[in-house]
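Each chain, written out:
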Amino acid sequence: MTMITADPWHAMSDPTRRRVLARVAQGPCSVTDIASGLPVSRPAVSQHLRVLLDARLVDVQREGRVHLYRPRPEGLEAMRRELETFWNQTLANLKNVAEQSYQGARDSSEGEPTR
C-alpha cells in the first residue's frame, strides 16, 4: 500500500488549519484542547489534524486513551527552506533592479553639465 502525502503548502492554505497548527506548536495537545480554543467542533478539528498528519506537519502519539498531537519539525523545516529559497530569490531580484536603476540614473546624469 502506497502512502500519499499531502502537499504541506496546500495543508497550510486553510486559516483554521494554521490556527490548529499554531496551537499544536505550543505543546502536546489533544483534539479537545485544540477545539476549546477554536470556533469549530471536535470532529472538524480532527479533520484538520488529519490533513496536517497527511502533510507530515504534525505527529500523534497515544497516551492512554488520549491522542496527543505535536509539531513535526522535519515537515516544518522543509517548508521553511522552500520559503527561504523564494525569499532569497526575491531579494536577489530586488538588488538587481536597484543596481540597474542606479546605473541608469548615473548614466543619464553623466551627460549633464556641472554647475
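Going by the structure above, here's the rest.
These numbers come from a predicted model, not from an experiment.

**Q** Honestly, the pattern of salt bridges in this entry has me stumped. Any pointers?
**A** Opposite charge on two side chains makes pairing possible when the charged atoms of those side chains draw close. According to the stated counting rule, one finds eight salt bridges in the structure shown. Residue Arg 72 is joined to Glu 74 by a salt bridge in which the shortest nitrogen-to-oxygen separation is 3.4 Å. Judged by relative accessible area, which is 47%, Glu 74 ranks as partly exposed. Here Lys 95 and Glu 99 are joined by a salt bridge, their closest N and O atoms 3.1 Å apart. Of this pair, Lys 95 and Glu 99 both sit in helix 5 (residues 73–109), four residues apart, which is roughly one turn of the helix. Each of Glu 77, Arg 80, Arg 81 and Glu 84 takes part in a single network of salt bridges with overlapping partners.

**Q** Would you take a moment to explain the packing of helix 2 (residues 15–25) against helix 4 (residues 42–54) for this structure?
**A** A pair of packed helices is characterised by two quantities: the angle between their axes and the separation of those axes. Following both chains from N to C, one finds helix 2 and helix 4 inclined at 80°, their axes separated by 10 Å at the closest point. Accordingly, the angle class assigned to the pair helix 2 and helix 4 is roughly perpendicular. Across the interface between the two elements, Thr 16, Arg 17, Val 20, Leu 21 and Val 24 of helix 2 pack against His 48, Leu 49, Val 51 and Leu 52 of helix 4. A breakdown of the residues in the contact of helix 2 with helix 4 according to their chemical character gives six nonpolar, two polar and one charged.

**Q** Got a minute to help me understand the environment of Ala 11 in this structure?
**A** Mapping Ala 11 onto the fold places it in helix 1 (residues 8–11). Setting aside its immediate chain neighbours within four residues, Ala 11 contacts Arg 17, Val 51, Leu 52, Ala 55 and Leu 57.

**Q** I would appreciate a short explanation of the nonpolar core in the present structure.
**A** Note that soluble globular proteins tend to have their nonpolar side chains buried in a common cluster. Counting residues in each nonpolar core, the largest one holds 19 residues, and the members touching the most others are Val 24, Ile 34, Leu 49 and Leu 52. Elements represented by at least two residues in this core include exactly helix 2, helix 3 (31–36) and helix 4. In terms of residue count, helix 4 provides more of this core than any other element does, four residues in total. Here Val 24 is in contact with Cys 29, Ile 34, Leu 49, Val 58, Tyr 69, Arg 70 and Pro 71, once residues within four sequence places are set aside.

**Q** What am I meant to see in the pairing of strand 1 (residues 58–63) here?
**A** When a strand is regular, its side chains alternate between the sheet's two faces. In this sheet, strand 2 (residues 66–71) lies alongside strand 1 in antiparallel orientation, the contact comprising six bridges. Counted as the bridge partner of Val 60 is Tyr 69 from strand 2. Connecting strand 1 to the next strand, strand 2, in antiparallel fashion are two residues, including Gly 64 with a positive phi near 70°.

Conventions and cut-offs
Residues numbered from 1 in each chain as written. Predicted model: local features only at pLDDT ≥ 70, side-chain atom pairs only at ≥ 80, totals over all residues. Heavy atoms only, no water. Salt bridge = Lys/Arg side-chain N within 4 Å of Asp/Glu carboxyl O. Buried < 20%, exposed > 50% of the residue type's maximum accessible area, 1.4 Å probe, protein only. Helix = DSSP H or I, 4+ residues; strand = E, 2+ residues; numbered from the N terminus. Axes fitted to C-alpha atoms, helices over the stretch in contact; angles between N-to-C directions. Parallel < 35°, antiparallel > 145°, perpendicular 65-115°, else oblique. Contact = heavy atoms within 4.5 Å. Nonpolar A, V, L, I, M, F, W, Y, C, P; charged D, E, K, R; others polar. Core = buried A, V, L, I, M, F, W, Y, C linked by side-chain atoms within 4.5 Å. Pairing = 2+ DSSP bridges.

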